[in-house]
Structures are given as structure tokens and as C-alpha cells.
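Residues per chain are reported as follows:
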Amino acid sequence: MADATPFLQALKGKRPAHTPVWFMRQAGRSLPEYRRLRAGKNMLYSCLDPKLAAELTCQPVRRHGVDAAVFFSDIMVPLKLAGINVDIKTGVGPVMDKPYRNASDIWELVSHRTPDTSAITEAVRLACTKVDVPILAFAGAPFTLAAYLVEGGPSRDHLAARTLMHSAPQSWRMLANWCAELSLQFAKAQIAGGARAFQLFDSWAGSLSRADYLRYCAPYSRRVLAGVSALRIPTIHFGVGTASLLTDFAEGATCVGVDYRTDLSEAITTLRKHGSPSPLVVQGNIDPAMLACPPRLLDEHVDAILDAGKAADAHILNLGHGVPRQTDPHVLTRLVQRVHRL
Ligand code: CP3
């Protein structure tokens, strides 16, 4: 596929003919065709079925005409492939058979086998044959993965994970290292299948102080970004509630993903002032709540974001977090068509 697609052009800092747009969680329960294909099938097993994962990756491209196809999978898949007893429960999220909290739990964890990622590579390879937009690889950042492992499931403030990093820094480092390696292997498997860009999801980074983020998490996230960059694949670094971490997120990444709670103009100003990467490429940041507003309000919101994005060298339009499951898919299709027309 040509590098001239708007999404890959923007990741080079260029301004393509139209602003590229894709949505986090664009493949998912907002689509009736997704619900039909997934009916009665476990989430993690669906991710490990190459034909199904490839088809789910392509559904939003066909329906909405988005400029990138984020690979259908989950940040928990590499844990499953490494032999961890993890499941994704509907309405709850990822759940482990036990929390991994002390040195012996973590020793046990890091002794797990190297995952066989061939099903992932095969799924991406199949997806590449079905659509002509770039496939976007992704992985969970070491902190977000480690937080699930230490807590044993979803948590609001990640207390046990934050306690561990301070009380047992060596165990924490071992855990974060292992998570970084696992995420990098997951990324490489997708890239081997033909993915052309990569996004690192650090959903929970916003729950950390900047000092803790820099000390206990950033080195491991940067290792993943560096491993992907070494393959000459552009990287997007996204987190939620990360306004105070934007310049740190920019380090080692091609593009900074801005969440919906951060003002895009202010984010660009901050990044420019504090030595942002050059060229400055940003992604974001439609408030998912606006998708359920009357069209006029949504259009105004999108126009303001497109306007703010002009201060960067390049801008990829996206939500500031995932598509809510109750979203009317026609709203997303109309949004893409309108942005492509503008
Ligand atoms: O953006 C995409 O569509 C790409 C695929 C993707 C999924 N999850 C598919 C998915 C990606 C990149 C993720 C990342 C992910 N998964 C994160 C980080 C990003 C974020 O959203 O903050 C996290 C924290 C997870 C863990 C996870 N997986 C949760 C919390 C849930 C929701 C559980 C629920 O039912 O409330 C999942 C399940 C999941 N992952 C779904 C999808 C499409 C829904 C599965 C279903 O249809 O039942």
C-alpha cells in the first residue's frame, strides 16, 4: 500500500488533502454487524481467531470510510498468549485468576513462556488483503498492563499498583520490564503481518503524579516505543488525563494522542513551548459525549477541534477516548463524510 494515504502522510508531519480520521473502539458494540459476528463468542477467543479478528478489523472501514483500521484485539491478548489466566468479562473488563502482588507472584509471572503470536500476525495479514487503508497496530503501556495484573482486575485508583512501585521497587521494575517486553512482542507480531503504524495505550497514566510516571513508568513505555521505531514504524502515544504529562508522552513518539479532557490548543502550545518533536503531529480529541448531541452541536465541536489542530504541523482527528457502545453508527459515518468533504 502506498505511503500516500492521508493517515501515513499526517504521521510524517504533512497536510494531506483531507484531515485523516479514525476512532478508538471503532470496531465494537456500536455496530450491529459486530454484534452479529460476536454473538455468543468470548472476547479473548474472538481475538485469537484470525479470520474473525480480521473481519472485525475491517467492518468500520467499510461502514464509515475511516482512514485507518485499528487492529481488532485487546491489550490483554498478549497476557493470554503468555499463559496468564485472564478473561474479559462483559460490563466488567479484564479479570485475572488472582492478583500478582508480591515478589513471589511476580517471579511466577515473569517465568511464563514466550507467547506464540502467529495468530496475531495471520489476522493482520488477512486484514491487509481486505481493505486499502493502513492497519494500525497497538499495545497496552506497561503501567496499564501492570496495574491490571497487580490489582487482579479493574480498579478505580490503582492503589495496589501504586503501593507496589514504592514499597517494592525491584519487583515493580521486574514486572514493568516483563510487560514492556510482552507489549513489544505483540506490536512486532502485528507489524510482521503488515501494520503500518502503532499506538501505545496508557489508559491509566493519568492516575500517577508526574514524578512517579517518570520514575516508574516512562522508561518502560519508551522501551516499547523505541522497539517499534527501530522498525521504522510511526508511533502514537495516547493516555487519558495526561495534560500534565504531554511533553513526557511526546518523547520518543511520532504523534501525541490528546484525550478529551485536555484543550487541544493548549496541548499544542505546551508541546511547542517545551521542545516538542519535530514535526509536531497530534491526534484527538472529540469528546465522546458529543456524539449523542444534536448534529449542529457536534459539528461545531468538530470544527473547533479541526481549527485548533491547524496550529500543529499535522493533525489526525479522533475521539479523546473510545466510541461509547450506545453510539448511533450513522453519527460516525456522517462525521467522517463531513470531515473528508471539508
Ligand atoms: O480501538 C479499538 O477498537 C481497537 C481494539 C481495542 C479493544 N480494546 C477492543 C475491545 C483496543 C485498542 C483496546 C484497548 C483496551 N482494552 C484498553 C486501553 C484503551 C482504553 O479503552 O482505555 C483497555 C483498558 C482494555 C481492557 C478492556 N477490554 C476493557 C476495559 C473492556 C470493556 C469491558 C466491558 O465490557 O465493559 C474490554 C473489552 C473490549 N476490548 C471490547 C472491545 C471492542 C468490547 C468487547 C465486547 O464486545 O464485549
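Thresholds, definitions, all that
- Residues numbered from 1 in each chain as written.
- Predicted model: local features only at pLDDT ≥ 70, side-chain atom pairs only at ≥ 80, totals over all residues.
- Heavy atoms only, no water.
- Near = heavy atom within 4 Å.
- Polar contact = N/O pair within 3.5 Å; in protein donor to acceptor, adjacent residues only side chain to side chain.
- Areas by Shrake-Rupley, 256 points an atom, 1.4 Å probe, with all protein chains shown as cover.
- Helix = DSSP H or I, 4+ residues; strand = E, 2+ residues; numbered from the N terminus.
- Expected span 1.5 Å × (residues − 1).
- Bend = angle between axes of the 7 residues up to and from the residue.
- Buried < 20%, exposed > 50% of the residue type's maximum accessible area, 1.4 Å probe, protein only.
- Contact = heavy atoms within 4.5 Å.
- Pairing = 2+ DSSP bridges.
- Right-handed = clockwise from strand over helix to strand, strands pointing away.
- Core = buried A, V, L, I, M, F, W, Y, C linked by side-chain atoms within 4.5 Å.
- UniProt positions renumbered as here; feature names shortened; annotations may be inferred.
- Axes fitted to C-alpha atoms, helices over the stretch in contact; angles between N-to-C directions.

(A) Structural view of the site of the ligand. The ligand sits among 27 residues. The nearest are Arg25, Tyr34, Asp74, Gly91 and Ser203. In the model, a nitrogen atom of the ligand is placed 2.8 Å from a nitrogen or oxygen of the Asp74 side chain. Side-chain polar atom of His321 to an oxygen atom of the ligand: 2.8 Å apart, as the coordinates give it. Surface burial for the ligand is 91%, taken as the share of its 880 Å² of free accessible area covered by protein chains.

(B) Looking closely at helix α4 (residues 50–64). Here α4 spans 22 Å end to end across 15 residues, near enough to the 21 Å set by a 1.5 Å rise per residue. Along α4, the largest kink reaches about 25° and is centred on Cys58; proline Pro60 follows within four residues of it. Here α4 lies mainly inside the structure; twelve of its 15 residues are buried. Within α4, burial applies to Pro50, Leu52, Ala53, Ala54, Glu55, Leu56, Thr57, Cys58, Gln59, Pro60, Val61 and His64. Where α4 is buried, its residues contact α2 (32–38), α3 (43–47), β1 (69–70), α7 (118–130), β4 (135–140) and α15 (329–341). Positive backbone phi, approximately 70°, marks Gly65, located one or two places after α4.

(C) Summary view of the pairing of strand β5 (residues 197–202). With six of its six residues buried, β5 lies for the most part within the structure. Residue alternation in β5 divides its side chains into two sets, Ala197, Gln199 and Phe201 and Phe198, Leu200 and Asp202, and both sets are buried. Taken together, the five bridges between β4 and β5 define a ladder with parallel strand orientation. Across the sheet, the residue bridging to Gly140 is Phe201, located in β5. Two elements, β5 and strand β6 (residues 235–239), share five bridges in a ladder whose sense is parallel. Across the sheet, residue Phe201 finds its bridge partner in β6, namely Phe238. Crossover β5 to β6 through helix α11 (residues 210–229) is right-handed.

(D) Molecular detail of unusual backbone geometry. Residue Asn285 is reached from Gly284 by a cis peptide bond, and omega for that bond is -20°. Take Asn285: it is sitting in strand β8 (residues 281–286). One non-glycine residue with positive phi stands out, namely His158, at about 55°. Counting through the fold element by element, His158 comes out in the loop between α8 (142–151) and α9 (159–167). Its identity is not glycine, yet Arg232 carries a phi of approximately 60°, on the positive side. By secondary structure assignment, the location of Arg232 is in the loop between α11 and β6.

(E) Fine view of the nonpolar core. Formed by 128 residues in total, the largest nonpolar core has its most connected members in Phe7, Met76, Leu79, Leu149, Trp172, Leu175 and Phe198. Per-element accounting of this core gives the leading share, twelve residues, to helix α10 (residues 169–192). If sequence neighbours within four positions are ignored, Phe7 has contacts with Pro20, Trp22, Asp67, Ala68, Pro134, Leu136, Ala197, Ile236 and Ile316.

(F) A look at the UniProt feature "domain: Uroporphyrinogen decarboxylase (URO-D)" (unreviewed entry) in the protein chain. Taking the numbering used here, the UniProt-annotated feature "domain: Uroporphyrinogen decarboxylase (URO-D)" (unreviewed entry) corresponds to residues 20–29 and 136–152. For residues 20–29, the end-to-end C-alpha separation is 23 Å, with 0% helix and 0% strand making up the annotated structure. The straight-line gap between the two end C-alpha atoms of residues 136–152 is 28 Å; of that span, 59% is helix and 29% is strand.

(G) Region of the structure containing the sheet that holds strand β7 (residues 255–257). Spatial strand order, β1-β4-β5-β6-β7-β8-β9: seven strands in an open sheet with parallel pairing. The sheet is open, and its two borders are formed by β1 and β9 (314–319), each paired with just one other strand. Contacting β4 and β5, α10 runs over the sheet at an angle of about 170° to β4. Across the face of the sheet, helix α13 (residues 264–273) comes into contact with β7, β8 and β9 while running at roughly 160° to β8.

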